[in-house]
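Residue strings, one per chain:
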Amino acid sequence: MLSRTILAGSSRLAARPAAAATVLVTAAGSRAVCRAFNRMPLRAKLPSPPATVLSLTGKAQMSSSASIEDIKEDPSDPPEDVLFQSLYGLRTIELNNQPKLNALDGSMIRKITPRLREWSRSDLANVVVIKGAGPKAMCAGGDVNTLARQNLEGPEGVKKSAEYFALEYRLDHYIATYKKPLVAFMDGITMGGGVGLSMHAPFRIATERTVFAMPETNIGFFPDVGGTFFLPKMNGELGTYLALTSDRIKGVNVYWTGVATHYLHSAQLPALEQRLAELRFHDYDTYEQRLELVNHTIEEFATGMPWNEELAWGGKIRGWIDKCFSHDTVPEIIAALEELKVGVHAEAATPWVDSTIKTIRQRSPTAVSVALEQLRVGRDWSIAEVFRQEHKLAARFMAYPDFSEGVLALLGKPRRDPQWKPATLEAMIDPKEHVGSFYKTNERYDSASGAKTKSLTFWSPGDYHMYPYKFGVPTEYDVYRLIDTLSLGRPGGPRAPESQLEPGDDIQIADASYSSTAAKQGQAENEEGKNPVYLSPREIEIEMMRRWRGKQGIEPVIRDILQRRGRTLKSGKMSWRPTEREVALKAREIELEKAKEGERKEEERRKRDERRKREEVENKYGKRGKGGGRDRRR
């Protein structure tokens, strides 16, 4: 016979043999404390616990409280929408709402958060896996239907929706700064809220069934859940293209574009889980060492790339994306696309251009304009600042009619064409002012949403400007660093060379850490002041493979980067070709650095003057100052 045990102060429930447990019940009978011996990890399906255990108020825990201790299940939450499993050192989170493609909602977040907190403090929990139930989806997004209907209730409904986003973004930030190895199985549809749960994990595994997209502009919203952080860091302008068009990436291309860090066949996932459960860490192993061990373990299950798959948006189309989507306004992007129809590639470009322009115009004009501004101004934000700003934007969008209109028109029944406000890009009277209004929310009170929008606080103090781990495919920045001795600035995607270069100028080659024969020769000759040594495309590819320790499937990525960003010299070697945008960005960065250097020198001068004056006073009146104490000169 099984006895149900409840751990006081938490929502954990587990089935244990009666002989192996002693149950203590309080006089009130509202809580039970279990002391279990010889406990084995079991699969836990969580029924709805008593309200007195989870919440003294009985209210849904969707408040904006910053304390993770306050996040508890609500009695009305479905009991089995998230399943948890423990197997040796492995802890598994399984989203279990298959009729809705495992769409994320507040109930799931209230279950996941306490578990992650518990495991972060446990020495028995080594690795955490998050996945979705069934073969169709990991998580197809958030429950936007509920949010859209809430917004129609007025200011109170808008406030509830804003609080949901606060809860979701706190969980995303907690995952992004989690100090246990976390592996996300992006098996099936992974969009919206599912991207927030997976994209910030150090290990993201794509399969042949993976479908990735950021479809928010299609429903009158903006790419959230940290999209401001990772989309600008994708190679070239691919992130901008995905944000504005909501285009989908499938299968191995999720890995090649850098969204996933590994690619495995879905049949390998159960065996990988079993292997991860068997991992053992030493107490003295650092977090980085544990990540490396998990990475090697995942690589053991790599079975190769599909033979019939090609790099999406390769060749000329990728060049067109980088060129056209580098502009800073949506009308400029559309104008650049139209220019392709009259160029030398007009015949080949026209079908793709027409399809892309049609897609952008079908989206909410407000959403695509705000999304583009978001990617441009937010590219230097830290991960914490990204979620703070996205929360303010989300609260503003909940009060704006396009979100509810887009959700109910495109996801409701019967489906219809949404009526955006304004209806077209051309109908925006003052686009700059209209977009800027979404960034002018008041921290005390937002009159547009009718809700207080306090600055978001988090459950973890962690913060960074670049992901602190790198287990995926090489980026443009990585290839550039190999080719050139100069730095592009903060890692995460090429910005611009450290010198003011014009488009097409040659850049010297050879990274200081490049250890191949050609690189050593180049480094030695550069030290001696001789002419720079360039590397051939094949030499670059071989060295990148060495640095990535033969990681499977990175060759097409390296070749694509060299084809788009490299320039072949007469000698057959290759140099780097900076874009006009990179040159402009670098010029701005140089100006900012000069200003910071001036401020630093001024601060040093001020401190020197203060120190000199203090020494003069001490020498004249003694260490204790004028009129007091004994003079040091005695």
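What counts as what
- Residues numbered from 1 in each chain as written.
- Predicted model: local features only at pLDDT ≥ 70, side-chain atom pairs only at ≥ 80, totals over all residues.
- Heavy atoms only, no water.
- 1 Å grid on protein atoms, 1.4 Å probe; cavity = no way out; pocket = protein on both sides within 12 Å on 5 of 7 lines; lining within 4 Å.
- Points joined across faces, edges and corners; volume = space filled by probe spheres on them.
- Helix = DSSP H or I, 4+ residues; strand = E, 2+ residues; numbered from the N terminus.
- Nonpolar A, V, L, I, M, F, W, Y, C, P; charged D, E, K, R; others polar.
- Expected span 1.5 Å × (residues − 1).
- Bend = angle between axes of the 7 residues up to and from the residue.
- Buried < 20%, exposed > 50% of the residue type's maximum accessible area, 1.4 Å probe, protein only.
- Contact = heavy atoms within 4.5 Å.
- Pairing = 2+ DSSP bridges.
- Polar contact = N/O pair within 3.5 Å; in protein donor to acceptor, adjacent residues only side chain to side chain.
- Salt bridge = Lys/Arg side-chain N within 4 Å of Asp/Glu carboxyl O.
- Arc of directions from axis to C-beta.
- Phe/Tyr/Trp six-rings, centres within 6.5 Å; stacked < 30°, edge-to-face > 60°.
- Lys NZ or Arg CZ within 6 Å of the ring centre and 35° of its normal.

In this section: empty space enclosed by the protein. Tallying each qualifying case throughout the model produces 3 cavities of 30 Å³ or more. Volume-wise, the largest cavity comes out at about 110 Å³. In this structure, the largest cavity is lined by Asn235, Leu238, Trp256, Thr257, Leu311, Ala312, Trp313, Gly314, Arg318, Val557, Asp560 and Arg564. Examining the composition of the lining of the largest cavity, we find that 3 residues originate from one element, helix α21 (residues 555–565), more than from any other. Grouping the constituent residues of the lining of the largest cavity by class yields 6 nonpolar, 3 polar and 3 charged.

Given 3.6 residues per helical turn, the α-helix brings residues three or four places apart onto the same face. Along its 17 residues, helix α13 (residues 346–362) runs 23 Å from first to last C-alpha, staying within 8% of the 24 Å computed at 1.5 Å per residue. A maximum bend of about 25° is found in α13 at Trp352. Within α13, the full set of buried residues consists of Ala346, Ala349, Trp352, Val353, Thr356, Ile357, Thr359 and Ile360.

On to the side chain of Asn97, then. The residue Asn97 is located in the loop between β7 (90–95) and α2 (106–120) in this model. Not counting residues within four places of it along the chain, the set of residues in contact with Asn97 comprises Asp81, Asn102, Ala103 and Met108.

Looking along a regular strand, one sees side chains alternate from face to face of the sheet. Bridge analysis of strand β6 (residues 82–87) against β7 gives 6 bridges, and the strand direction is antiparallel. For Ser86, the partnering residue across the bridge sits in β7 and is Arg91. Connecting β6 to the next strand, β7, in antiparallel fashion are 2 residues, including Tyr88 with a positive phi near 55°.

With respect to the helices and strands, the residue Asp322 is situated in helix α11 (residues 315–324). The spacing of Asp322 and Glu237 is 85 residues in sequence and 4.8 Å in space, taken between C-alpha atoms. Residues within four places of Asp322 in sequence aside, it is in contact with Gly236, Glu237, Leu238 and Arg564. Within polar-contact distance, the side chain of Asp322 engages the backbone nitrogen of Glu237 at 3.0 Å.

Once that is clear, we can look at the sheet that holds strand β13 (residues 211–213). Where strands meet in a sheet, backbone hydrogen bonds hold them as pairs that are either parallel or antiparallel. If you walk across this open sheet you meet the 4 strands as β9-β11-β13-β14, and the pairing is mixed. Looking at the sheet topology across the chains shown, the edges are occupied by β9 (137–139) and β14 (249–250). Note: β9 against strand β11 (residues 189–191), 2 bridges, orientation parallel. Residue pairing across strands places Cys139 opposite Thr190, the latter belonging to β11.

Oppositely charged side chains may form a pair once their charged atoms are brought near each other. This model, assessed by the stated rule, comprises 35 salt bridges. A salt bridge links Glu405 to Arg416; the shortest N-O distance between them is 2.6 Å. Of this pair, Glu405 sits in helix α16 (residues 401–411) while Arg416 sits in the loop between α16 and α17 (431–436), placing them 11 residues apart in sequence. On the basis of relative accessibility, which here comes to 18%, the residue Glu405 falls in the buried class. The partly exposed category is assigned to Arg416, whose relative accessible area is 39%. For Glu610, the salt bridge goes to Arg606, with nearest N and O atoms at 2.5 Å. Pair noted here: Glu610 and Arg606 are both in helix α22 (residues 580–621), with a separation of 4 residues, about one helical turn. Salt bridges sharing partners connect three or more residues here, namely Arg318, Asp322, Glu476, Asp560, Arg564 and Arg565.

Attention now goes to the environment of Leu411. Mapped onto the secondary structure, Leu411 falls in helix α16. Measuring from C-alpha to C-alpha, the distance between Leu411 and Ile219 comes to 8.8 Å, with 192 residues separating the pair along the chain. Ignoring sequence-local partners within four residues, the contact set of Leu411 consists of Val144, Asn145 and Gly406.

Every buried residue of helix α9 (residues 269–277) is accounted for by Leu269, Leu272, Glu273, Leu276 and Ala277. The buried side chains of α9 occupy one side of the element, clustering within an arc of 140° when seen end-on.

Enumeration over the complete set of coordinates arrives at 23 aromatic pairs. Geometrically, the ring pair formed by Tyr174 and Tyr178 is edge-to-face, given 5.6 Å between the ring centres and 65° between the ring planes. Under the relative-accessibility criterion, Tyr174 is labelled buried at 8%. Judged by centre distance (5.4 Å) and plane angle (85°), the rings of Tyr241 and Phe325 are edge-to-face. Of this pair, Tyr241 sits in helix α7 (residues 238–245) while Phe325 sits in the loop between α11 and α12 (330–339), and the two are 84 residues apart along the sequence. Of the residues examined, Tyr241 reaches a relative accessible area of 4% and is grouped as buried. Linked through ring pairs, Tyr164, Phe165, Tyr169, Phe221, Phe222, Phe387, Phe397, Tyr400, Phe403 and Phe438 together constitute an aromatic cluster. Over the ring of Phe438 we find Arg396, and its NZ or CZ is 4.8 Å from the ring centre.

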